[in-house]
Amino acid sequence: MPEELLYEGKAKKVFATDEEGVLVHRYKDDATAFNAQKRGSWKDKGRTNATMSATIFAYLEVHGVPTHFVEQVDDAAIKTKRLDMLPIEVIVRNVAAGSLARRLGYEEGTKLRAPIVELCYKDDELGDPMLNWYHFRELGVSDEDLEFCEELGLKVNEILTPFFDERGVTLVDFKIEIGRDAEGRLVLADEISPDTCRFWDKETGEKLDKDRFRRDMGGVEEAYAEMLRRVQEITQRGAVD
Ligand code: ADP
Ligand code: UDP
């Protein structure tokens, strides 16, 4: 039976499968930025983001983070649990960049005293605005879920900062999404890739993420390939420890 397309987003197509409660996320080579005002596409983006997400979800599971990840299906697709998504993008930052550098008037690259967590409302029409707990309560999100989001963001940061450091990469900031499974448990969802994280080479400061596309810097395909190579070194050593 052909898979049923449930949703086509900017970076992925999401399909239902024959298995109850299981989805396939097929990662596209397409890219958007600035709320889809800028569009592009490059070779192997889908393969890179699917494979990096699969590897990192498996690593996080081993380190006690529940995720939606089931298995990688092929180069550019992963199976996940079907979740009821919270309307929240959780952003965690270690170094000032992008919108935070602008908001605080910091030079990009300024190391933060402690990680900063931001909660944004996932709504393309509104441009994913940052909201506080009062706003989210108004939207019907519980304090318990908001606390879970912040704590999970910080936990993922604690696990992934050394993971990337070992690969010669500074984890500058990242975005995660969270959803509720059939048992009512909140778990990490969506993707973790150069689309959703800022990665800077530890030695040279070179950007190895989607900012190369956002800022027309060139070398975006090579940067994604380099990040996948560094992340896969861990698996190739069998060191998902
Ligand atoms: P966007 O909607 O931002 O354009 P994508 O192209 O990445 O994003 O589409 C993937 C969609 O699937 C997103 O809306 C994301 O919130 C949602 N999603 C991610 N993981 C799950 C999951 N396990 N169950 C249901 N929906 C999910
Ligand atoms: N991010 C994302 N999706 C969004 C907004 C942000 O994945 O809709 C990620 C982005 O890649 C970066 C971090 O969240 O790693 C912080 O992004 P920022 O707020 O600085 O956004 P920008 O200024 O780049 O739009």
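Above this text you will find the structure in question.
Because the structure is predicted, anything quoted here is derived from the model rather than measured.

Engineer: Describe in detail the environment of A31, supporting the description with residues and values.
Structural biologist: Checked against the element boundaries, A31 lands in strand β4 (residues 30-33). For the pair formed by A31 and K111, sequence separation is 80 residues and the distance between their alpha carbons is 28 Å. Apart from the residues within four sequence positions on either side, A31 is in contact with K38, R39, G40, S41, W42, K45 and F213.

Engineer: Give me the lowdown on the pattern of salt bridges, citing residues and values where you can.
Structural biologist: Within the structure shown, the criterion is met by 34 salt bridges. Put simply, K12 and D190 hold a salt bridge, and the shortest N to O gap is 3.1 Å. Of this pair, K12 sits in strand β2 (residues 12-16) while D190 sits in the loop between β12 (186-189) and β13 (197-201), and the two are 178 residues apart along the sequence. Across this residue pair, the class does not change: K12 and D190 are buried. One salt bridge connects R229 with E226, and the closest N-O pair in it is separated by 2.9 Å. Here the residue R229 and the residue E226 both occupy positions in helix α6 (residues 220-236), the gap between them amounting to three residues, near one helical turn.

Engineer: Please give an account of the packing of aromatic side chains that cites residues and values.
Structural biologist: Counted under the stated rule, the structure contains six aromatic pairs. Seen in terms of ring centroids, F57 and F69 are 6.4 Å apart; in terms of plane orientation they differ by 25°. Their pairing is stacked. With F57 in helix α1 (residues 45-62) and F69 in strand β6 (residues 69-74), this pair connects stretches of sequence that are twelve residues apart. With a centroid separation of 4.6 Å and 55° between ring planes, the pair formed by Y59 and F163 is classed as tilted. Remark: F163 occurs in helix α4 (residues 143-166) and Y59 occurs in helix α1; sequence separation between them is 104 residues. In this structure, Y59 and F163 share a single accessibility class: buried. An aromatic cluster is present here, built from Y59, F163, F164 and F199 joined pairwise through their rings. Stacked on the ring of Y27, the Lys or Arg K12 has its end atom at 5.2 Å from the ring centre.

Calculation rules
Residues numbered from 1 in each chain as written. Chains lettered and ligands numbered in written order. Predicted model: local features only at pLDDT ≥ 70, side-chain atom pairs only at ≥ 80, totals over all residues. Heavy atoms only, no water. Helix = DSSP H or I, 4+ residues; strand = E, 2+ residues; numbered from the N terminus. Contact = heavy atoms within 4.5 Å. Salt bridge = Lys/Arg side-chain N within 4 Å of Asp/Glu carboxyl O. Buried < 20%, exposed > 50% of the residue type's maximum accessible area, 1.4 Å probe, protein only. Phe/Tyr/Trp six-rings, centres within 6.5 Å; stacked < 30°, edge-to-face > 60°. Lys NZ or Arg CZ within 6 Å of the ring centre and 35° of its normal.

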